[in-house]
Amino acid sequence: QVQVVESGGGLVQPGGSLRLSCAASGSIFSIHAMGWYRQAPGKQRELVAAITSGGSTNYTDSVKGRFTISRDNAKAPLYLQMNSLKPEDTAVYYCYADFYSDYDDRYLEVWGQGTLVTVSS
């Protein structure tokens, strides 16, 4: 199995930057993709960015050019570098990992507990 734990949230002013980290543990070599979702108050959870084990990335339109997702290798943390932050980026950010479970013989998804990002002056 795989576990993920996020860190790095906090309060930042509009236009500022913040970097989120996500540490994976357990069967890390079974992970085929990781990413970040966010959920703002009163809104549905949305996918922010994702990266595959091969390094392919995708972003939701509202963060393109401002956020960068990265992960150097299977043992490295997942990062989300967030620049030019806006008040509408305020949300709880959740890290997730998609991995293959030998025990279940299928792909599973695991989520972290979330970290709050608040963009406000």
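To keep things clear, this report deals only with the structure shown in the data block.

Each value, and the rule that gives it
Residues numbered from 1 in each chain as written. Predicted model: local features only at pLDDT ≥ 70, side-chain atom pairs only at ≥ 80, totals over all residues. Heavy atoms only, no water. Helix = DSSP H or I, 4+ residues; strand = E, 2+ residues; numbered from the N terminus. Buried < 20%, exposed > 50% of the residue type's maximum accessible area, 1.4 Å probe, protein only. Lys, Arg positive; Asp, Glu negative; His and termini not counted. Charge placed at Lys NZ, Arg CZ, Asp CG, Glu CD. Salt bridge = Lys/Arg side-chain N within 4 Å of Asp/Glu carboxyl O. Disulfide = S-S within 2.5 Å.

Things to note about the overall build of the protein
Each helix and strand in the protein was counted, giving zero helices and eleven strands. Based on the C-alpha atoms only, the size of the protein along its principal axes is roughly 50 × 25 × 20 Å. Residues classed as buried in the protein amount to 41% of the 121 residues present. Considering the protein, the positive charge centre built from 10 side chains and the negative charge centre built from 11 side chains are found 7 Å apart.

Some thoughts on the pattern of salt bridges
Taken as a whole and judged by the stated rule, the model has four salt bridges. Between glutamate 46 and arginine 38 there is a salt bridge whose closest N-O contact spans 2.6 Å. Since its relative accessible area comes to 30%, glutamate 46 is described here as partly exposed. Residue aspartate 61 pairs with lysine 64 through a salt bridge whose shortest N-O separation is 3.0 Å. A single burial state applies to aspartate 61 and to lysine 64, both of which are exposed. Several salt bridges share partner residues, and in doing so they unite Arg38, Glu46, Arg66 and Asp89 into one network.

Considering the state of the cysteines
Applying the stated criterion across every chain yields a total of one disulfide. Disulfide partner of cysteine 22: cysteine 95, at an S-S distance of 1.9 Å. Looking down the S-S bond of the cysteine 22 and cysteine 95 bridge, the torsion is -75 degrees, so its handedness is left-handed. In this pair, cysteine 22 is assigned in strand β3 (residues 18–26) and cysteine 95 in strand β9 (residues 91–101), connecting sequence segments 73 residues apart. The burial state of cysteine 22 is the same as that of cysteine 95; both residues are buried.

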